[in-house]
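Listed below are the residues making up each chain.
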Amino acid sequence: MNDREIMESLLLTTKGVCDLYMHGAIESATPNVHGAFDQALDESLCMQGEIYKKMAAQGWYPTEQAPQAQMDKVRNKFANA
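Residues numbered from 1 in each chain as written. Predicted model: local features only at pLDDT ≥ 70, side-chain atom pairs only at ≥ 80, totals over all residues. Heavy atoms only, no water.

Chemist: Whenever I open this one, the overall build of the protein chain confuses me. Can you help?
Modeler: Per the secondary structure count, the protein chain includes three helices and zero strands. Taken from the N to the C terminus, the helices and strands of the protein chain come in the order α-α-α. Relative to a compact globule of 81 residues, whose C-alpha radius of gyration would be 12 Å, the protein chain shows 17 Å and is clearly more extended. Overall, the protein chain is about 45 × 45 × 15 Å in size when its C-alpha atoms are taken along their principal axes. For the protein chain, the residues scored as buried account for 17% of the 81 residues in total. Considering only contacts in the protein chain between residues 6 or more positions apart, those separated by 24 or more positions represent 56%. Counting only carbon and sulfur atoms, one obtains 57% of the accessible surface of the protein chain, whose full area is about 6400 Å². (Helix = DSSP H or I, 4+ residues; strand = E, 2+ residues; numbered from the N terminus. Rg over C-alpha atoms; globule rule 2.2 N^0.38 Å. Buried < 20%, exposed > 50% of the residue type's maximum accessible area, 1.4 Å probe, protein only. Contact = heavy atoms within 4.5 Å. Areas by Shrake-Rupley, 256 points an atom, 1.4 Å probe, with all protein chains shown as cover.)

What follows is the structure, encoded as structure tokens:
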């Protein structure tokens, strides 16, 4: 595996962990359990963000800016819902 593949694997794994922690927090029955999942989710989201930044800096996670008209259309759709 090269560095890009390793980073992609880390990013996908971290995203999966975030999903699990989010569902754990949603489904938790007590404040203590909810707090534990919430803290773990926050830490995992920070980790995911750092991995993304490193990948983007290397050009391994290119993004495109959506046209302003498209963003306005979506914003209006949900503002009027």
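Chemist: Explain the packing of aromatic side chains here, please?
Modeler: Each aromatic ring pair is characterised by the separation of its centres together with the angle its planes make. Tallied over the full model, the rule gives two aromatic pairs. With a centroid separation of 6.3 Å and 55° between ring planes, the pair formed by Y21 and F37 is classed as tilted. Placement of the pair is Y21 in helix α1 (residues 3–27) and F37 in helix α2 (residues 31–57), with a sequence separation of 16 residues. Judged by its relative accessible area of 28%, Y21 falls in the partly exposed class. Judged by its relative accessible area of 28%, F37 is partly exposed. Plain terms: the ring middles of Y52 and Y61 are 5.0 Å apart, the flat faces sit at 80° to each other, and that makes the pair edge-to-face. Judged by relative accessible area, Y52 falls into the partly exposed class, the value being 29%. Here Y61 falls in the partly exposed class, since its relative accessible area comes to 29%. (Phe/Tyr/Trp six-rings, centres within 6.5 Å; stacked < 30°, edge-to-face > 60°.)

Geometric values such as these leave the question of function open.
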